[in-house]
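Each chain, letter by letter, is given below.
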Amino acid sequence: MTSARFDYAPLLPAGLPAAAARWTGLAKYSFVGGNNDAEQVPVADLKAAADAVLTREGHTLATYGLASGPQGYLPLRNFVADKLKRDAGMTCTADDILMVSGSLQALDLVNQALLARGDTVIIERDCYQGSINRLTRMGVNIVGIPLDGDGMRIDALAAALTDLKAKGIRPKYIYTIPTVQNPTATIMPESNRRELLKLSAQYGVPVFEDDCYADLIWDHKRPPAIHALDTTGCVIHIGSFSKSVAPALRVGYIVAPWEIMSRMLALKTDAGSGALEQMVLAEYSVPHFAAHVPKATRGLRAKLETLMDALNEQFGTAAEFEEPKGGIFLWVKLPANVDAMQLYQAALKAGVSINPGPEWSVDKAYAHSHIRICFASPTHAEIREGIAVLADVCRKEFGVPERIANVTRNG
């Protein structure tokens, strides 16, 4: 006799997100997610770092927090403080830093500390899917600010703040990815960052700065972080080692004044992020990080060139994009008759996974024919082959591209 399966459905509370689909593996040609180039993961140096730090400090794993306290492994926090001073012009100490389980946990902690259902936040119109989804699930009102070649448009931000104030609404924060924006890869110039801070002060709205892609700039020249230009403590800054070293390590950080840091720390109920990962990263990063990043970006830049060449060859002028200044994504606009959500499904059946633009924008109509392509993970050959398959799917589903290099495709 077979027993009936227990039914959990009646026990589930209202408001849960949709059930996750069972993972069935990556597509043959995978252009999704924030994955790294497997060849650029510094495996040998990480292995040596793990051996060295475990030999020296392995017994501290017996203590929650490794005797460094709830904010994370002290040597790693010290490294982050030094790195942010050198690279982003920020002045902070280990006491200003909280190590977290990737930037996603950073998003959650900031949101939990500041937001309640019905609150309003300002974010970039085209933005990180993870931030949009979290705000939507929380029932927060999202005001999307359009972007241009310099990132979030400051004139549009000023207009939005003025409009909200007239309605008696004070946004809880202005969320921006100013350095290698996701998905557009724009970099906000220093002058705009200063103007954003002026607006923050004028309207009493803090700035939530997501700097997770800032290491991956081709020329390694970046404006100072917004946090570095702030003199009032109005900026919460987050970063990650996911894009610079390896996403599976799940190590990120928050830099914030103690007034709000202490609130987030009280909400971080996991007894600390993974200790071994922090120990290994600290041991690895002090001698190797500065030399690793330029090597990694050279590899990414070469893959971007392959991707842009493949798009130009397969799509011609049907694929519009601005050349990124860094990062691992290319934001591509296809002809208006292309439904990116429909293309995503058809391409997946053909073995190609892409990120449809509407999932990365608060303006679904604007992003209707946009797609985001991650070029870090696939090989050069996979990039060329995958884009050829994508073009074929796009032609069969939507009739584009009809012409490539002035030659009409048949069949």
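Everything below is about the structure shown above.
In this text, all values refer to a predicted model and were calculated from it rather than measured experimentally.

(A) Seen up close, the overall build of the protein. Helix and strand content of the protein: 11 helices and 16 strands. Taken over C-alpha atoms, the radius of gyration comes to 22 Å for the protein, in line with the 22 Å a tight globule of 411 residues would show. Judged by the C-alpha coordinates and their principal axes, the protein covers about 65 × 65 × 60 Å. A buried classification covers 52% of the 411 residues belonging to the protein. Look at the contacts in the protein between residues 6 or more apart in sequence, and 72% of them connect residues 24 or more apart. Here the protein displays about 19100 Å² of accessible surface, and carbon together with sulfur accounts for 54% of that area. Side chains of the protein give 41 positive and 44 negative charges; the mean places of these two sets differ by 2 Å.

(B) Spotlight on the nonpolar core. Residues Ile 254, Phe 315, Leu 343 and Ile 387 are the most contacted members of the largest nonpolar core, which totals 74 residues. Setting aside residues no more than four positions away along its own chain, Ile 254 makes contact with Asp 96, Ile 97, Leu 98, Val 100, Ala 106, Leu 109, Ile 236, His 237, Ile 238, Met 261 and Met 264. Counting residues in hydrophobic clusters, the runner-up holds 30 residues, among them Val 80, Ala 88, Ala 246 and Val 293.

(C) Focus on the pairing of strand E9 (residues 235–240). Within E9, 6 of the 6 residues are buried, which leaves the element mostly enclosed by the surrounding structure. What you see with E9 is no split at all: Val 235, His 237 and Gly 239 on one side and Ile 236, Ile 238 and Ser 240 on the other are buried throughout. Pairing geometry for strand E8 (residues 207–210) and E9, over 4 bridges, is parallel. If you follow Asp 210 over to E9, its bridge partner there is Ile 238.

(D) How the structure looks around the side chain of Thr 306. Residue placement: Thr 306 occurs in helix H9 (residues 275–315). Looking at Thr 306, the relative accessible area reads 11%, which means it is buried.

(E) Molecular detail of the pattern of salt bridges. Overall, the coordinates contain 19 salt bridges when judged by the stated rule. A salt bridge links Arg 222 to Asp 211; its shortest N-O distance comes to 2.8 Å. A residue pair is termed long-range when its members are at least 10 positions apart, and Arg 222 in the loop between E8 and helix H7 (226–229) and Asp 211 in the loop between E8 and H7 qualify at 11 residues. What makes Arg 222 buried here is its relative accessible area of 18%. What you see here is one network of salt bridges that share partners, running through Lys 83, Arg 86, Asp 87 and Asp 215.

(F) Spotlight on the side chain of Arg 395. Relative to the elements of secondary structure, Arg 395 occurs in helix H11 (residues 380–398). A polar side-chain atom of Arg 395 sits 2.7 Å from a polar atom in the side chain of Asp 392.

(G) Expanded view of helix H2 (residues 74–88). With 15 residues, H2 extends 20 Å from end C-alpha to end C-alpha; this agrees with the ideal 21 Å at 1.5 Å per step. Of all the positions in H2, only Leu 76, Arg 77, Phe 79, Val 80, Ala 81, Lys 83, Leu 84 and Ala 88 are classed as buried. Buried residues along H2 sit in contact with strand E2 (97–100), H7, E9, strand E10 (252–255) and H9. Residue Gly 89 follows H2 closely and has a positive phi angle near 75°.

(H) A look at the packing of H9 against H11. It is the contact of H9 with H11, at a shortest axis distance of 9 Å, that shows an interaxial angle of 30°. Classified by the angle between their axes, H9 and H11 sit roughly parallel to one another. When the axes of H9 and H11 are compared, the crossing they make is right-handed. Contacts between H9 and H11 pair Ala 302, Lys 303, Thr 306, Leu 307, Ala 310, Leu 311, Gln 314 and Phe 315 from the former with His 380, Ile 383, Arg 384, Ile 387, Ala 388, Leu 390, Ala 391 and Cys 394 from the latter. Residues that form the contact of H9 with H11 fall into these classes: 11 nonpolar, 3 polar and 2 charged.

(I) Structural context of helix H10 (residues 340–349). Along H10, the positions that sit buried rather than exposed are Ala 340, Leu 343, Ala 346 and Ala 347. Along the long axis of H10, the arc covered by the buried residues comes to 120°, so they all point the same way. Buried positions along H10 lie against strand E12 (352–353), strand E13 (355–356), strand E14 (370–374) and H11. For H10, the N-terminal capping position is held by Asp 339, with its side-chain oxygen 3.0 Å away from the main-chain nitrogen of Met 341.

Analysis parameters
Residues numbered from 1 in each chain as written. Predicted model: local features only at pLDDT ≥ 70, side-chain atom pairs only at ≥ 80, totals over all residues. Heavy atoms only, no water. Helix = DSSP H or I, 4+ residues; strand = E, 2+ residues; numbered from the N terminus. Rg over C-alpha atoms; globule rule 2.2 N^0.38 Å. Buried < 20%, exposed > 50% of the residue type's maximum accessible area, 1.4 Å probe, protein only. Contact = heavy atoms within 4.5 Å. Areas by Shrake-Rupley, 256 points an atom, 1.4 Å probe, with all protein chains shown as cover. Lys, Arg positive; Asp, Glu negative; His and termini not counted. Charge placed at Lys NZ, Arg CZ, Asp CG, Glu CD. Core = buried A, V, L, I, M, F, W, Y, C linked by side-chain atoms within 4.5 Å. Pairing = 2+ DSSP bridges. Salt bridge = Lys/Arg side-chain N within 4 Å of Asp/Glu carboxyl O. Polar contact = N/O pair within 3.5 Å; in protein donor to acceptor, adjacent residues only side chain to side chain. Expected span 1.5 Å × (residues − 1). Axes fitted to C-alpha atoms, helices over the stretch in contact; angles between N-to-C directions. Parallel < 35°, antiparallel > 145°, perpendicular 65-115°, else oblique. Left-handed = near helix turned anticlockwise from the far one by under 90°. Nonpolar A, V, L, I, M, F, W, Y, C, P; charged D, E, K, R; others polar. Arc of directions from axis to C-beta.

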